[in-house]
Amino acid sequence: MLALEIVFWCSLGLLVYTHAGYPVVLALLARMRRTPALPETPAEPPTVSLVVAAYDEAGVIEQKVRNALSLDYPRDRMEVIVASDGSDDRTAELARAAGADLVLDLPRLGKAAAQDAAVERARGEIVAFSDANSLWEPGALRLLVAPLADPSVGYVCGQVRFTADEGAANQEGAYWRYEMAVRSLESRLGGITAGNGAIYALRRFHYKPGDPYTGDLSLPFRMARRGLRSVYAASALAEEPMVPSLEGEFRRKRRMMSRAFGTVLRGGMLNPRGYSPLFAFELVSHRLIRYASPLLHLIALGTNIALLGHGWLYTVTLALQAAFFLAAALGAFVPLRPLRLAYYYLLVTGSIAVGFVDWVRRGAPLVWEKER
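This structure is a prediction, so every number in the text was calculated from the model and none was measured.

(A) Region of the structure containing the environment of Cys 157. Positionally, Cys 157 belongs in strand β6 (residues 153-163). When the C-alpha atoms of Cys 157 and Ile 192 are compared, they prove to be 8.7 Å apart, with 35 residues separating the residues in sequence. Leaving out residues up to four positions away in the same chain, Cys 157 has contacts with Leu 144, Arg 183, Ile 192, Gly 195, Asn 196, Ile 199, Tyr 200, Val 231, Tyr 232 and Ala 233.

(B) Layout of unusual backbone geometry. If you check the backbone angles, Asp 56 has positive phi at about 50° while not being a glycine. Its location among the elements puts Asp 56 in the loop between β1 (48-54) and α2 (61-69).

(C) Structural context of the packing of helix α1 (residues 2-32) against helix α9 (residues 277-291). One way to put it is that α1 packs onto α9 with a least axis distance of 9 Å and a crossing angle of 150°. When the axes of α1 and α9 are compared, the pair comes out roughly antiparallel. As for how α1 packs across α9, the hand of that crossing is left-handed. Across the interface between the two elements, Leu 14, Tyr 17, Thr 18, His 19, Tyr 22, Val 25, Leu 26 and Leu 29 of α1 pack against Leu 278, Phe 281, Glu 282, Ser 285, His 286, Ile 289 and Arg 290 of α9.

(D) How the structure looks around the packing of aromatic side chains. This structure, assessed with the given rule, holds 14 aromatic pairs. Taking the centre distance of 6.1 Å and the plane angle of 50° together, the rings of Trp 9 and Tyr 314 count as tilted. Pair noted here: Trp 9 is in helix α1 and Tyr 314 is in helix α11 (residues 312-331), with a separation of 305 residues, a long-range link. Ring pairing ties together the aromatic residues Phe 129, Tyr 155, Tyr 200 and Tyr 207, which thus form one cluster. Looking at Arg 108, its charged tip hangs above the ring of Tyr 55, at a distance of 3.6 Å from the centre.

(E) Structural detail: the pairing of strand β4 (residues 126-130). For β4, the buried fraction is high: 5 of the 5 residues fall into the buried class. In the sheet, β1 pairs with β4 via 5 bridges, with the strands oriented parallel. Counted as the bridge partner of Leu 50 is Ala 128 from β4. In this sheet, strand β7 (residues 200-203) lies alongside β4 in antiparallel orientation, the contact comprising 4 bridges. Paired with Phe 129 across the bridge in β7 is Tyr 200.

(F) Fine view of the nonpolar core. In this structure, Ile 61, Trp 136 and Leu 141 are the most contacted members of the largest nonpolar core, which totals 64 residues. Filtering out sequence-adjacent residues up to four positions away, Leu 141 remains in contact with Val 48, Leu 71, Tyr 73, Met 78, Ala 128 and Trp 136. One finds Phe 221, Ala 224, Met 269 and Trp 359 within the second-largest nonpolar core, a separate group that totals 15 residues.

(G) A look at the side chain of Ser 285. Note on placement: Ser 285 falls in helix α9. For Ser 285, a relative accessible area of 3% translates into the label buried. Side-chain polar atoms of Ser 285 contact the side chain of Tyr 17, separated by 2.7 Å. Those residues within four positions of Ser 285 in sequence are excluded, and the remaining contacts are Tyr 17, Thr 18, Tyr 22 and Arg 290.

(H) Structural view of the sheet that holds β1. Strand order in the open sheet formed by 8 strands is β3-β2-β1-β4-β7-β6-β8-β5, and the pairing between neighbours is mixed. Strands at the two margins of the open sheet, each flanked by one partner only, are β3 (102-106) and β5 (135-136). Contacts from α2 reach β1, β2 (78-85), β4 and β5, with the element oriented near 160° to β2.

(I) Just the packing of α1 against α11, in detail. In the contact formed by α1 and α11, the axes pass within 13 Å of each other and the chain directions differ by 40°. Along this stretch, α1 crosses α11, giving a crossing that reads as left-handed. Of the residues in α11, those touching α1 at Glu 5, Phe 8 and Trp 9 are Leu 313, Tyr 314, Thr 317 and Gln 321. Taken together, the residues of the contact of α1 with α11 break down into 4 nonpolar, 2 polar and 1 charged.

Reading the values: the criteria
- Residues numbered from 1 in each chain as written.
- Predicted model: local features only at pLDDT ≥ 70, side-chain atom pairs only at ≥ 80, totals over all residues.
- Heavy atoms only, no water.
- Helix = DSSP H or I, 4+ residues; strand = E, 2+ residues; numbered from the N terminus.
- Contact = heavy atoms within 4.5 Å.
- Axes fitted to C-alpha atoms, helices over the stretch in contact; angles between N-to-C directions.
- Parallel < 35°, antiparallel > 145°, perpendicular 65-115°, else oblique.
- Left-handed = near helix turned anticlockwise from the far one by under 90°.
- Phe/Tyr/Trp six-rings, centres within 6.5 Å; stacked < 30°, edge-to-face > 60°.
- Lys NZ or Arg CZ within 6 Å of the ring centre and 35° of its normal.
- Buried < 20%, exposed > 50% of the residue type's maximum accessible area, 1.4 Å probe, protein only.
- Pairing = 2+ DSSP bridges.
- Core = buried A, V, L, I, M, F, W, Y, C linked by side-chain atoms within 4.5 Å.
- Polar contact = N/O pair within 3.5 Å; in protein donor to acceptor, adjacent residues only side chain to side chain.
- Nonpolar A, V, L, I, M, F, W, Y, C, P; charged D, E, K, R; others polar.

Spelled out as structure tokens, the structure:
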């Protein structure tokens, strides 16, 4: 029985730690450690290639290209490249008409291959990446590339804000604000453990083509192995529309997680060689324990049931777990924010489990679909 109790409290403790305790530990460490401020404006703007990989984005690609061309950045030091990944619509044609410097009309081989093709043709010292449906604030590019003036910085991720129609059920905005707070703290310490596809940049010679696991999850740990930090430039802002429904968000995160497990289990994330102790601590706390949360929930529930009758405390903990799952179930139908948040958490946690099963069965998907 002692073994069951240890397993129960460890699984429950890890769940509480990764979601609530870890940010508190980061905040304490950040207060104890003073990190020099990152440069916010480069002395001389480096040449930048802004890459947009797109699949069937005819509805937004003109607006995206115009947005890129209107950025507050010297036009002679920036090029806009659109890589159309086998689009069946007018994506390539409309990107050219909107004024993109280079448009690649490629066969459909996936986002990574489209980005590889774009970087191969890029002329900039820095390559920045964005999604076709992400619109950047005028000063975003300057603020994004500025930290790369520090030779200890290898990767910079900006801040994406999600916009939603009134009445949208998705709670991604609340979750993302929490993630951004954690990311800001990580940036001040060992470096962020993941970026986002809407707005990020790195030096062109650090980009590794032909690697299916290159992306916003793998680049930070690959930079850490080179002794470089990955940082969060909160003032470099982008906006992106939110998937309107929670069910649509589940499908999106399911696809993301099926790719993420390829990075974790085959892409080298688990190999600790080259990590600083602080970055390794962040990676375990924020990524590995988080990705194990579906299993930890099952263990906590199963051992809690087995421990009934061995003290009133286990009756209370089981009641609390049952209350949470009931709240999540009600959140599918009742539009109250606490219930919606519980339902969102359950869907996100479920997407990790289903994404893992998808990866085991089919591997990481090479191509990506538009989010709906």
